[in-house]
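Observations on the three-dimensional arrangement
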Amino acid sequence: MYIKKLSFKNYRNLVDGEIIPCEKINVIHGDNAQGKTNIIEALWLFCGGHSFKGSKENEFIKFGEKFAKIKASFFSQNREQEAEIIFNGTKKEVVINGVKKSSSAALIEKFNAVVFSPEDLTLVKRGPSARRRFIDGAICREKLRNAVTISKYNQTLNQRNALLKDIYRHPELKSTLSIWDETLCILGAKIIFQRLSYIDKLKKDAGKYHLGISDNSEKLDIIYNSNCSAVYGDNEEEIYNKMEDSLKKSIKDDINSGFTNIGPHRDDFNIIINDRKAKVFASQGQQRSAVLSLKLAEAKVLSTLMGENPVILLDDVLSELDKKRRDFLLSKIKEYQVFITTCEIQEDEILKSGKSFLIEEGKIS
């Protein structure tokens, strides 16, 4: 797929206007705090309506205005399409091909992209929650129903946790835990199964990329750590049974802590380089190589699943990489439509071959 036009009105600091990109490399350059990342964020919002920076929706609206609107024309699924998102403070409206949608999740089925920011480079050494967000974001773009499942799981988890806090004060409520446990296990088993299936695909491509960036000297692997002992090859029923058994064994700890200690919300995955945990033993350069491999593999898996290449969004990543890793990354994304933000246009021939946009105080030229 590729984006044909992006337009915006009252969006953050951007001056109302539009950009018409080329189908390959698009470089958005300018000084810091001019609005480069806002362009990347606006494009990413069409993947499901949420900012990769974790921003709240009212932050998208330019100061002093009542609404913000972004609109994208793109070619996907063998036809031209159009999507529009309007932010009205406490709510948003999503229109796809002229049809108003009840949820921004509908965008997932139409628009595909992979975003890569400097924060992603710390994925290996950060806490488990960052890696869970990475994999859940990937499986949600893979299948819309995964986003629905995760949302329902979190709702059930919150209700069970609220009950656990009440049980600590009112032990007679303990018998009602089973009401939430069955639903939690059904949804949890679905999430874990999808994560395991995705990681199995991801690690194959990531391993190939890592061999390339390390000159065949390093082998990369990814191992999912389930706190209910689920492993790749288990079906949903087997995962359900394992999670149910683990939940029963952890009831005392759950009541004491007022929190559910078993389930995909506590799982993690290890990135392994040459049979050693990258988080513990890898150098900063090795960790960055591993993340590069993961993000490139994410794009490759999404391309295979969807039957078309996603759009690649690189937000100020090149300045964080040494020449070897930067050249490797650029050489692997030539077949995609790419948007790159940078303070200065680098000397890379690939960047020079694309289309460039200068942004100054929110105005694009």
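Structural data are supplied above this passage.
Residues numbered from 1 in each chain as written. Predicted model: local features only at pLDDT ≥ 70, side-chain atom pairs only at ≥ 80, totals over all residues. Heavy atoms only, no water.

**Structural notes on the packing of aromatic side chains**
- Under the defined criterion, the tally for this structure stands at six aromatic pairs.
- With 6.3 Å between their ring centres and 50° between their planes, Phe134 and Phe269 make a pair best called tilted. A residue pair is termed long-range when its members are at least 10 positions apart, and Phe134 in helix H2 (residues 128–142) and Phe269 in strand E10 (residues 268–273) qualify at 135 residues. Comparing Phe134 with Phe269 shows no difference in burial state: the two are buried. (Phe/Tyr/Trp six-rings, centres within 6.5 Å; stacked < 30°, edge-to-face > 60°. Helix = DSSP H or I, 4+ residues; strand = E, 2+ residues; numbered from the N terminus. Buried < 20%, exposed > 50% of the residue type's maximum accessible area, 1.4 Å probe, protein only.)

**Brief notes about helix H5 (residues 236–249)**
- Given a rise of 1.5 Å per residue, 14 residues ought to cover 20 Å, and the 20 Å separating the end C-alpha atoms of H5 matches this to within 8%.
- Among the residues of H5, those classed as buried are Ile239, Tyr240, Met243, Ser246 and Leu247. The buried side chains of H5 occupy one side of the element, clustering within an arc of 135° when seen end-on. In H5, the exposed positions angled more than 90 degrees off the buried face are occupied by Glu237, Lys248 and Lys249.
- Those residues of H5 that are buried are in contact with helix H3 (144–169), helix H4 (177–213) and helix H6 (251–257). (Expected span 1.5 Å × (residues − 1). Arc of directions from axis to C-beta. Contact = heavy atoms within 4.5 Å.)

**Details of the pattern of salt bridges**
- Considering all chains together, one arrives at 25 salt bridges under this definition.
- Put simply, Asp16 and Lys9 hold a salt bridge, and the shortest N to O gap is 3.4 Å.
- Residue Asp16 is classed as partly exposed on the basis of its relative accessible area, which comes to 37%.
- With a shortest N-O distance of 3.9 Å, Lys69 and Glu84 are connected by a salt bridge. Placement of Lys69 in strand E4 (residues 68–76) and of Glu84 in strand E5 (residues 79–87) is noted, with a sequence separation of 15 residues between them.
- Residue Lys69 is classed as partly exposed on the basis of its relative accessible area of 29%.
- With a relative accessible area of 17%, Glu84 lands in the buried category.
- Residues joined in a network through salt bridges with shared partners are Arg141, Lys295 and Glu298. (Salt bridge = Lys/Arg side-chain N within 4 Å of Asp/Glu carboxyl O.)

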